[in-house]
Protein chains: 2
Amino acid sequence: MSDTALPLPAGFEDQLRALLGSSNAKTDDALAAVDPGWNADNLKGGILALPGTTDEIAALVCLCREAGVSVVPQGGRTGLVGGSVSRPGQLILSTQRLNAVERLNPIERTVTVGAGATLQSVQEAAARHGLEPGIDLPSRGTATIGGMISTNAGGIMAFRNGVMRHRILGLEAVLPDGTVMSDLTRVVKTAAGYDLKHLLIGAEGTLGIVTRAVLKLDTLPQASATALFGLPSVEAVLEVIQLALRMPGVDLRGAEAMWKPFLDLTAEALGWRDAAIDRSAPIYLLLSIGGAEDGSLPAAFETLFETVVERFPDASGLIAQSSRQERELWRLREDTDLVYHAYPGAPSFDVSLPQSEISDYVERVETELKALDGAFEPLIFGHLADGNLHVILNCSGPLEPARMAAVEDVLYRDVKRRGGSFSAEHGVGTKRISPMEATSDSGKLALIRHIKASLDPEGLMNPGVIVRR
Amino acid sequence: MSDTALPLPAGFEDQLRALLGSSNAKTDDALAAVDPGWNADNLKGGILALPGTTDEIAALVCLCREAGVSVVPQGGRTGLVGGSVSRPGQLILSTQRLNAVERLNPIERTVTVGAGATLQSVQEAAARHGLEPGIDLPSRGTATIGGMISTNAGGIMAFRNGVMRHRILGLEAVLPDGTVMSDLTRVVKTAAGYDLKHLLIGAEGTLGIVTRAVLKLDTLPQASATALFGLPSVEAVLEVIQLALRMPGVDLRGAEAMWKPFLDLTAEALGWRDAAIDRSAPIYLLLSIGGAEDGSLPAAFETLFETVVERFPDASGLIAQSSRQERELWRLREDTDLVYHAYPGAPSFDVSLPQSEISDYVERVETELKALDGAFEPLIFGHLADGNLHVILNCSGPLEPARMAAVEDVLYRDVKRRGGSFSAEHGVGTKRISPMEATSDSGKLALIRHIKASLDPEGLMNPGVIVRR
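Since we're looking at a predicted model, the values are computed, not measured.

1. Points about the interface of chain B and chain A
Consideration 1: Listed by partner, the interface residues are 81 residues for chain B and 81 residues for chain A.
Consideration 2: Between chain B and chain A the total buried area reaches about 6,300 Å² when both faces are included, carbon and sulfur atoms providing 58% of it.
Consideration 3: Area buried by chain B at its contact with chain A is led by Lys189, Tyr194 and Lys444 of chain B, which between them contribute 15% of it.
Consideration 4: In this assembly, chain B and chain A are joined by ten salt bridges.
Consideration 5: Note that glutamate 357 of chain B and arginine 186 of chain A form a salt bridge whose closest N and O atoms lie 3.6 Å from each other.
Consideration 6: Summed over the shared surface of chain B and chain A, the number is 41 residue pairs in polar contact (both at pLDDT 80 or more).
Consideration 7: Sorting the residues of the side of chain B that touches chain A by element identifies β5 (101–105), α7 (164–167), β9 (180–183), α8 (197–200), α9 (234–245), α14 (355–372) and α17 (442–455) of chain B as the ones contributing at least two each.
Consideration 8: Tallying contributions element by element places α17 of chain B first for the side of chain B that touches chain A, with nine residues.
Consideration 9: Looking at side-chain class alone, the side of chain B that touches chain A contains 31 nonpolar, 33 polar and 17 charged residues.

Printed below as a string of structure tokens:
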């Protein structure tokens, strides 16, 4: 493993500028002008390479191997677990110049894109053909396809369409030894030997650099509608999701839950209120549906609401009457910056649980957090149709280490036993290695380390991420 | 690598019987009573182990390592590419006793099953809750979940639901070193380090033995309907599939194409005819839809047919009026044994192509086969919505090697350039290693061999499959 605390070797920067052109290797003032994204340490490496082609990335990886310099790949810098943090002596590699939407075929419903293309650019290209990539998340304008592949991103449509892994048909990557693996099939069916793109998907840049991908596209519905329900329990929310999944002629596109403390915070910060919603309910469900452009969607919601009220007489509900109102409702859920405004550096978690375990898990977590500190009240929200809960603690961070360990123990202790995951969609990065080690199967952990050592024996690809240095 | 031409080491059989109980190690007459499945060489190994638990499989793998005996895992023995062929000196390991449907949760829509459970047993368990595993193939009664995972099975719903890989939430496997990797999450969202279940999926038993899995379930529609269309061209078929995908309130569940020579053969063998279908059309499309049990499905097909005839005046169509007629239409497509009856041992292929490439590819293949031999006429059928073509040559096999090589060159030469795959859903086995080597990316091939050598350095797990011995 290289000692990346050392400065870059003599001549390395000149070789880099010769390879990419001087303007594509940023240091000092040029680097200071770059947005570090959601983690101030992302650009600590001090030198940023902006290759423009797969061949340039392959040459760059070879250059780094010869010099013993490790590589930190970066996409949109929207990661939340420190997976793209860099240190002096490392080379930061941005894929932002590989941002082309290269080829979109509306009949075969595929699109081939560079790793640096943003999700939004792909969504816009697809929408021009009445199609969509079938995955969506709040950071769509910044998150890149390469970054979403490397972290196996999830988002609001995963319960329906799967996660990033399920949307990828083909992949091209530069491996740690500098070779290019090009597997750009555009078909869903391939049983053609080990499907090694799945080793790169979710590897967070530790096994190579994703350079290009083929994504599956789906039909974009002609119209959509949004509703918010106030409900008496997690069980009620899950039952309403089941009902919504079976609405005839309508596709459920989003089913986001907000526990009362979370909605109270965002609603107050945004000055939102609506008399139709009973604000004393313990939990709220934001539903989005898609279908034909014939005005039938609000009526479908009304029918659903009638069934819901029959089943849960205390339920309240609101169907958005305009796209402005739709946006307002979504903002209550998506504007999570408001929470960090209220509690800067608040400890946050991203777990997933089978639906049958959610209610019991949340009750245990709330009780045990309260036992740790009577003021602790978790702000819980997330993608309930796939069991993905985001949990933010109502206190500023960072907590002192022993206290944080106690909180983590509460959050993670039983997620594996319950059939869930300590990291649903944010990845492992540098921040979640301890919970991974604490909650994962020993056979899986050993195999992860074996694969890393076998494919990147010198530890040059994003060292310290997923596997400890 | 072990020399598996040697007989089993002295004492091995006794150790095996001591481990599993004597009745769970079959040789001689007991083995002769076992159905070898679709390849007579499957049971050539001469000794069949029937472990009943994951722990027994782990102990068995350790026993084999100590003795230097290689292991050939088998599920339903329905594989088509020689992936479970065994030789004397090897141990055949059947998962058939791990056949429990262990846990089905209708709210979270997951089912946990042993590797030896048949697809049909899982379909029946799910149907009792109005659910389905979302994958289907003609060998459902025999194919096991473990075998379908190991070959990354596809089938008729893959265009809609993805292949086996996309249906698996959790996996347990015994690795080549005898350790158990248990990753039985029941959630779709997990970004928790390398997702190594995807290394086992499609590995055809060469990296370990799948013992247990968690599958996603979907809503089973209340009703279904089937129609057959005669159409003027591949382009017409693809356009009708697009129209069918956009039918309001209806889910497309199958879109199977049959070129005229294939339908002529199965229709004649089954004595099928129907005046509604113009039998001079060059290609036929079998559509299956699902939806509400309100009688609206046939009407939906009639509306579709009106649009189709407007667009293609020569089109003909038939909507099944009974479940008996539905089964008849499906038999035309699924009873492929009829082809092998007519041409025993006929060379057969299983490629996938992006939809935009299908027409051009088929035209080239037909022309070049005719140039090789004026009597060659491929029988083509398959899952056109995902671009998966099955091609059987109209001659008995095997061909002599040079001729077979010339035929393979015609079939495989450009599948990679076109963005397709030389093996869509049957796997590589022993039969498709040459086309894999001829058509795959060199970086991918090198990584496949590296992974195999790294995880199974002694080459004890299904040697000679995917990677040459």
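2. Things to note about the sheet that holds β5 of chain B
All names here are of chain B.
Consideration 1: If you trace the five strands from one edge of the open sheet to the other, you get β5-β6-β10-β8-β9, paired in antiparallel fashion. Looking at which strands have only one partner, the edges of the open sheet turn out to be β5 and β9. Here the average twist between neighbouring strands, direction ignored, is 10 degrees.
Consideration 2: Across four bridges, the pairing between β5 and strand β6 (residues 110–114) is antiparallel.

3. Thoughts on the UniProt feature "domain: FAD-binding PCMH-type" (unreviewed entry) in chain A
Consideration 1: Summarizing the sequence annotation, UniProt attributes the feature "domain: FAD-binding PCMH-type" (unreviewed entry) to residues 40–220 of chain A in the numbering used throughout.
Consideration 2: A helix fraction of 23% and a strand fraction of 24% characterise residues 40–220 of chain A, whose end C-alpha atoms lie 37 Å from each other.

4. Digging into the confidence of the model for chain A
Consideration 1: On average, residues of chain A carry a pLDDT of 95, and 99% of them reach 70 or more.
Consideration 2: Taken as a whole, residues 1–5 of chain A scores under 50 in pLDDT and shows 15 contacts with residues more than four places along the chain or in a different chain.

5. Points about the sheet that holds strand β3 (residues 71–74) of chain B
Pairing between the strands of a sheet comes from backbone hydrogen bonds, and it takes one of two forms, parallel or antiparallel.
All names here are of chain B.
Consideration 1: Strand order in the open sheet formed by four strands is β1-β2-β4-β3, and the pairing between neighbours is mixed. In this open sheet, the two strands that pair with only one neighbour each are β1 (25–26) and β3.
Consideration 2: In this sheet, strand β2 (residues 48–49) lies alongside β1 in antiparallel orientation, the contact comprising two bridges. Bridging from a neighbouring strand, lysine 26 pairs with leucine 48 of β2.
Consideration 3: Its contacts with the sheet put helix α3 (residues 54–67) on β2, β3 and β4 (91–94), and the angle it makes with β4 is roughly 170 degrees.

6. Some details on the packing of aromatic side chains
All names here are of chain A.
Consideration 1: Under the defined criterion, the tally for this structure stands at eight aromatic pairs over all chains.
Consideration 2: Geometrically, the ring pair formed by phenylalanine 349 and tyrosine 412 is edge-to-face, given 5.8 Å between the ring centres and 75 degrees between the ring planes. Placement of the pair is phenylalanine 349 in strand β16 (residues 348–352) and tyrosine 412 in helix α15 (residues 401–412), with a sequence separation of 63 residues.
Consideration 3: Ring-pair connections join several aromatic residues into one group, and the members of that group are Phe349, Tyr412 and Phe422.

7. Quick look at the domain arrangement of chain A
Residue and element names in this part refer to chain A.
Consideration 1: Structurally, chain A comprises domain 1 (101–219), domain 2 (223–335) and domain 3 (342–427).
Consideration 2: Between domain 2 and domain 3, the C-alpha centre-to-centre distance is 24 Å.
Consideration 3: Listed by partner, the interface residues are 15 residues for domain 2 and 18 residues for domain 3.
Consideration 4: Summed over both partners, the interface of domain 2 with domain 3 buries about 1,400 Å², with 69% contributed by carbon and sulfur atoms.
Consideration 5: Interface area lost by domain 2 to domain 3 is led by Leu238, Trp259 and Phe262, which between them contribute 38%.
Consideration 6: Along the contact surface separating domain 2 from domain 3 lie zero salt bridges.
Consideration 7: Elements that contribute at least two residues to the side of domain 2 that touches domain 3 include exactly α9 (234–245), β13 (251–259) and α10 (260–270).
Consideration 8: Looking at the side of domain 2 that touches domain 3 element by element, the count peaks at six residues for α9.
Consideration 9: Residues of the side of domain 2 that touches domain 3, tallied by class, amount to eleven nonpolar, one polar and three charged.

8. Structural notes on the pattern of salt bridges
Consideration 1: Scanning the entire structure with this criterion turns up 70 salt bridges over all chains.
Consideration 2: Aspartate 218 of chain A serves as the salt-bridge partner of arginine 167 of chain A, at 3.0 Å between the closest nitrogen and oxygen. Linking arginine 167 of chain A in helix α7 (residues 164–167) with aspartate 218 of chain A in strand β11 (residues 218–219), this pair joins segments that are 51 residues apart in sequence.
Consideration 3: Where glutamate 334 of chain B meets arginine 140 of chain B, a salt bridge forms, and the shortest distance between an N and an O atom there is 3.5 Å. With glutamate 334 of chain B in helix α12 (residues 323–334) and arginine 140 of chain B in the loop between β7 (131–132) and α5 (145–150), this residue pair connects regions lying 194 residues apart in the sequence.
Consideration 4: The network of salt bridges with shared partners includes Glu108 and Arg186 of chain A together with Glu357, Asp360, Arg364, Glu368, Asp409, Arg413, Asp414, Arg417 and Arg418 of chain B.

Definitions and limits used
Residues numbered from 1 in each chain as written. Chains lettered and ligands numbered in written order. Predicted model: local features only at pLDDT ≥ 70, side-chain atom pairs only at ≥ 80, totals over all residues. Heavy atoms only, no water. Contact = heavy atoms within 4.5 Å. Buried area = accessible area lost by both parts, 1.4 Å probe. Salt bridge = Lys/Arg side-chain N within 4 Å of Asp/Glu carboxyl O. Polar contact = N/O pair within 3.5 Å; in protein donor to acceptor, adjacent residues only side chain to side chain. Helix = DSSP H or I, 4+ residues; strand = E, 2+ residues; numbered from the N terminus. Nonpolar A, V, L, I, M, F, W, Y, C, P; charged D, E, K, R; others polar. Pairing = 2+ DSSP bridges. Axes fitted to C-alpha atoms, helices over the stretch in contact; angles between N-to-C directions. UniProt positions renumbered as here; feature names shortened; annotations may be inferred. pLDDT = per-residue confidence, 0-100. Phe/Tyr/Trp six-rings, centres within 6.5 Å; stacked < 30°, edge-to-face > 60°. Domains from an automatic or database assignment.

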